[in-house]
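Inside the fold
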Amino acid sequence: MVISRLFDRFLPPDRSLDPRALAWVAVILAAIAMLAIEASIAVGVYAAPIALAFALSLVHAGCLPLAMLRPLFATIASALVCGVLPLLAPTAAGLPWPWTVPMMITQVLVILIVGLRAHWGVALGALLGSIVASSAAAAAGHFLLEIRRSESTVVTIVVFSCIAGGVYVAAVIVRQWNLIRSQLIREKENTAVEHSKRVAVEEKTRIARELHDIVAHSMSIINIQASSAPFRHVGIDAEVAEEFETISVSARHALTEMRGLLSVLRNDDTGHELAPQPRLSDIGNLIVQAQQAGVRVSLRQQGDDFSRGFRESTGLAGYRIVQEALSNAVRHNRGPEIDVDVRSDDRAVTISIVSTRGSGATESVGHSSDRGQGLIGMRERAASVGGQVHIGWTPEDTYEVVAILPLDPATDDGEERS
């Protein structure tokens, strides 16, 4: 890494040196140098045959770049050379044998490269294979060629084993450290990707819920007001009535397209992010809006002051549930009668919205391309504050939405709650 940075200083600003290319250059230069040194020492000092010494030195030095591509083949080839090359000069007296210094350096480099590039077992095979091959060469020299220098031979093998063993351990540690670091980097990247996906899903869910709660409610009111205007204002011109019908059709089409968009944005894994906007005490505005659209709505409240009695999240959830229940009632039935009942005690607030069938289903029901979004939204709102919603038809043939929202247990001591 340090060498790579040093070379980068002499390169153009838009270019940098690839560490892999630098490693290849270093290995090839080392192989050329070790070939020249090992062959010359074997021939000039140990009096080995020139052709055989050069050929075996070429194979041994060639194991360095081979270890970069095929570590197992390099392990086998280098071990064979370590067993054969010492037998070319077994009678050199007073010199290290069966390991020469160039042979030892070359084999240590092979073990180092294999340890950095391959599995630790392959590198261990290179270490043990070279030790076994040199020991076999020493045994052959002792018993077959009658070379009587067992003490120096053992010392040479032990020295090589210690040096090669230390290099092997260092190479394995470096390789395992790099693997662990690479795994940590991948895990961090995967965690960052998953986090960004989760944030995107949560944001889409929040947008879908707010879009449905606010825009759908307003569009539903516009649709009902435009549809009921000719009946609430008797005697208006035909042109005005047609204009109201056009507004009603446009509102229904906008609702249909918006619900298609909601089906894409909606995700069941919602979070608990709630913006403290409207409160439960503001449901009177919803009642007034529905009454202005010609819907008969009554409101009854029992319990504490709704402007102070709840957490902001609980008040917002209750407001949205009432808003959605009113929207569903006026969107699916013509002229329904709706009763809204809000009761609270020390533990929870219970919201009940009961609506009749009215004079029949509206046209928007048959053209709805995505049903159930409002029911999902109400359940999500209640669940986000630890509550629950019960929805369905009653034996009296009325449609009932009952939401039970628990109060904040941390404020039971009478402390004022916002």
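Counting starts from 1 at the beginning of each chain's written sequence and moves along it residue by residue. Residues qualify for local features only when their pLDDT is at least 70, as the model is predicted, and side-chain atom pairs are given and counted only at 80 or more; totals for whole chains, interfaces and linings, by contrast, use all residues. To get the side-chain values, all heavy atoms of the structure are used, and hydrogens and water are removed first.

Concerning the packing of helix α4 (residues 71–84) against helix α6 (residues 120–143)
- The geometry of α4 relative to α6 is characterised by a closest axis approach of 7 Å and an angle of 15° between their N-to-C directions. One finds that α4 runs roughly parallel with respect to α6. By crossing handedness, the relation of α4 to α6 is classed as right-handed. Across from Pro-71, Leu-72, Thr-75, Ala-79, Cys-82 and Gly-83 in α4, the residues of α6 making contact are Val-122, Gly-125, Ala-126, Gly-129, Ser-130, Ala-133, Ser-134 and Ala-137.
- Each residue is assigned to one of three groups, with Ala, Val, Leu, Ile, Met, Phe, Trp, Tyr, Cys and Pro labelled nonpolar, Asp, Glu, Lys and Arg labelled charged, and all others, Gly among them, labelled polar. Of the residues in the contact of α4 with α6, the class split is eight nonpolar, six polar and no charged. Angles run from 0 to 180 degrees between N-to-C directions of axes, and those axes are lines fitted to C-alpha atoms, restricted for helices to the stretch in contact. Secondary structure elements are taken from DSSP: a helix is a run of H or I of four residues or more, a strand is a run of E of two residues or more, and numbering for both begins at the N terminus. Orientation labels follow simple angle bins: below 35 degrees gives roughly parallel, above 145 gives roughly antiparallel, 65 to 115 gives roughly perpendicular, and whatever is left gives oblique. Here a crossing is taken to be left-handed if its near helix is turned anticlockwise relative to the far helix by less than a right angle, and right-handed if that turn runs clockwise. Throughout, a residue-residue contact means that at least one pair of heavy atoms, one from each residue, lies within 4.5 Å.

As for the sheet that holds strand β1 (residues 296–302)
- Strands qualify as paired when DSSP identifies two bridges or more between them. In space, the five strands of this open sheet follow the order β1-β2-β3-β5-β4, with mixed pairing throughout. One side of each edge strand has no neighbouring strand; the edge strands of this open sheet are β1 and β4 (388–393). Adjacent strand axes in the sheet meet at a mean angle of 10° when their direction is disregarded.
- Of the strand pairs in this sheet, β1 and strand β2 (residues 337–344) are connected by seven bridges, and their pairing is parallel. Bridge pairing links Gln-302 to Arg-343 in β2.
- The strands touched by helix α9 (residues 283–292) within the sheet are β1 and β2, with β1 carrying the most contacts at an inclination of about 165°.
- Contacts from helix α10 (residues 312–332) reach β1, β2, β3 (348–355), β4 and β5 (399–406) within the one sheet, and its direction differs from that of β5 by about 175°.

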